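# Report on the structure
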Amino acid sequence: MRHFAVFGSHPRLSLAEFRQISSPKMAPPLLVGPTAIIEDEDWNGTVLMNRLGGTVKLGDIHDECATDELDANRIVDLFEKLPRSERVIFGSTVYGATPAGKKKLDRLPLEIKRELKNRGRSARWVTSEGDQPLTPAAVAKLKLTSDGYDLLFLVSGGVVSIGLTTHVQDADFWSERDYGRPVRDDENGMLPPKLARMMVNLGALPESGTLLDPFCGSGTVLMEAALATHAGQIIMSDIEMAQVNATKMNLDWLIERRILRDDDREHTMLFASDARDIKKHVTKNVDAIVTEGYLGPPLSGHEPVAKLMKNAEEITQLWRDSLIAFKDILAKNGRIVGVWPSMKSEHGSARVDLTDELNDLGYRLVNPLAPWDTSNDPLLYHRVGQRVMRRIVVLERLA
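Attention here is on the structure that accompanies the text.

Quick notes on the rules
Residues numbered from 1 in each chain as written. Predicted model: local features only at pLDDT ≥ 70, side-chain atom pairs only at ≥ 80, totals over all residues. Heavy atoms only, no water. Helix = DSSP H or I, 4+ residues; strand = E, 2+ residues; numbered from the N terminus. Rg over C-alpha atoms; globule rule 2.2 N^0.38 Å. Buried < 20%, exposed > 50% of the residue type's maximum accessible area, 1.4 Å probe, protein only. Areas by Shrake-Rupley, 256 points an atom, 1.4 Å probe, with all protein chains shown as cover. Lys, Arg positive; Asp, Glu negative; His and termini not counted. Charge placed at Lys NZ, Arg CZ, Asp CG, Glu CD. Contact = heavy atoms within 4.5 Å. Arc of directions from axis to C-beta. Phe/Tyr/Trp six-rings, centres within 6.5 Å; stacked < 30°, edge-to-face > 60°. Core = buried A, V, L, I, M, F, W, Y, C linked by side-chain atoms within 4.5 Å. Pairing = 2+ DSSP bridges. Axes fitted to C-alpha atoms, helices over the stretch in contact; angles between N-to-C directions.

## Some details on the overall build of the protein
Per the secondary structure count, the protein includes twelve helices and 17 strands. Here the protein has a C-alpha radius of gyration of 23 Å; the compact-globule value for 399 residues is 21 Å, and the two agree. The buried share of the protein, reckoned over its 399 residues, is 51%. Element-wise, carbon and sulfur atoms account for 49% of the exposed surface of the protein, whose accessible area totals about 18800 Å². Of the side-chain charges in the protein, 50 are positive and 56 negative, and the distance between the mean point of each set is 2 Å.

## Regarding the side chain of Thr55
Tracing the chain through its elements places Thr55 in strand E4 (residues 55-66). Not counting residues within four places of it along the chain, the set of residues in contact with Thr55 comprises Ala5, Val6, Phe7, Phe18, Met49 and Gln169.

## Examining helix H7 (residues 171-179)
For H7, the set of buried residues is Trp174, Arg177 and Asp178. Considered in projection along H7, the buried side chains sweep an arc of 100 degrees and stay on one side of the axis. H7 presents Asp172 and Tyr179 as exposed residues on the side facing more than 90 degrees away from its buried surface. Tucked inside the fold, the buried residues of H7 contact helix H8 (193-202), helix H9 (220-228) and helix H10 (241-256).

## Quick look at H9
Across the nine residues of H9, eight count as buried, placing the element largely inside the fold. Here H9 has its buried residues at Thr220, Val221, Leu222, Met223, Glu224, Ala225, Ala226 and Ala228.

## Comments concerning the packing of aromatic side chains
By the definition in use, this model includes five aromatic pairs. Ring plane angle 35 degrees and centroid distance 6.3 Å describe the contact between Phe18 and Trp43, whose orientation is recorded as tilted. One end of the pair, Phe18, is in helix H1 (residues 11-21); the other, Trp43, is in the loop between strand E3 (35-39) and helix H2 (45-51), with 25 residues separating them in the sequence. Like Phe18, the residue Trp43 is buried in the burial classification. Ring geometry for Trp319 and Trp340: centres 6.4 Å apart, planes at 75 degrees, overall edge-to-face.

## A look at the nonpolar core
Nonpolar side chains tend toward joint burial in soluble globular proteins. Formed by 50 residues in total, the largest nonpolar core has its most connected members in Phe18 and Ile392. Take this core: its biggest share by element is six residues, from H8. Ignoring sequence-local partners within four residues, the contact set of Ile392 consists of Leu13, Leu195, Met199, Leu202, Val337, Gly338, Val339 and Leu379. Leu323, Phe326, Val352 and Leu395 belong to the second-largest nonpolar core, a separate cluster that totals 31 residues.

## Describing the sheet that holds strand E7 (residues 149-156)
Spatial ordering of the open sheet is given by E2-E3-E1-E4-E8-E7-E5-E6, a layout of eight strands whose pairing is mixed. The outermost strands of the open sheet, each flanked by one partner alone, are strand E2 (30-32) and strand E6 (123-125). Averaged over all adjacent pairs, the angle separating strand axes in this sheet is 30 degrees, with direction ignored. Sheet topology note: the strand E1 (residues 2-7)/E3 ladder contains five bridges and is antiparallel. Residue pairing in the sheet places Val6 in a bridge with Thr35 of E3. Seen against the sheet, H1 touches E1, E2, E3 and E4 and runs at an angle of roughly 135 degrees to E1.

## What about the pairing of strand E13 (residues 330-345)?
Within E13, twelve of the 16 residues are buried, which leaves it mostly tucked inside the rest of the structure. Direction of pairing for E13 relative to strand E17 (residues 388-397): antiparallel, over a ladder of nine bridges. By the bridge assignment, Gly338 is partnered in E17 with Val393. Relative to strand E14 (residues 348-351), E13 is paired through four bridges, and the arrangement is antiparallel. From the neighbouring strand, Lys344 faces E14, where its bridge partner is Ser349. Hairpin connection from E13 to E14: two residues lie between these consecutive antiparallel strands.

Purely geometric stuff here, so don't read any function into it on its own.
In structure tokens, the structure reads:
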């Protein structure tokens, strides 16, 4: 059976994460807007949804036809093949259609309701505000994966694939780990848990491997690595002892809340250190380094370009020195997943980029989308209104 994945607010980054944890032999998916149609005989939606940070829905493709052949009868027949509750509750979302095609498909739910009535069935069509896709939280609350139906119409080349959602991202669990933890640093900005999870997955940590975050902040990478991998050891350090203490407090909270197990503490190592001196504290090779790094001082949006360039050069030098230090402890072919920021104000912008220096430093830039996408376009993470854009880079130590 074919399946589908619906990506979150950063589809390209989410696709890179999906590519990283999928089978190396998996064929390139058919991309339909922020979704992907995937052929995979070994598909396990529960495992995937528990692992992925950037995917909000997963499901199965049940039918396919020309868009002009799709009608309410076809959908109601599908409902009858997969009976759930006496009263039919369903939502629907269209991806990839032209404006004219979407207008036609947007009328389909009313036609489905009429056809269900003709067959003696009561029905409820649920929608979201502003013509937005039905959210994972709404799908979960209404139990549309078990008692109802979350329909997806994925249109490509005059053909529509009809999917039903089977798994959705647990919005409450992600929110608890983001906003519920005792120590947060809103002033300096925090690594969002979903981004941390995607970065951890891009790190390709081997089974029982060692992961390091040398700019640990309040411990978001630790949290997501402990949940998403079978790491043998997770090492957290930061130049500020206050940040190391924040990580410890958050780790204690995670264990108290039973989000992590008691023995997860035994697999962690916490200490204060400048990232450039990390080899004084880490005496064995690490298999992956996953870190946001320093993004610079908070910006007001009024900084002159010269100030932005000065900030960018300071961060570039920090990365340059850190990469030299990391090479002494990173296993051959081990990965570094980090953030090279781009900063902007009303006067201009500046960015961190060491691409041209990587070979001399002993690294190469990895395209985690290859061979699905060989464009080497950057993997960006950015929210509206933010003055710092994160470029997610994946580096590999040269043998």
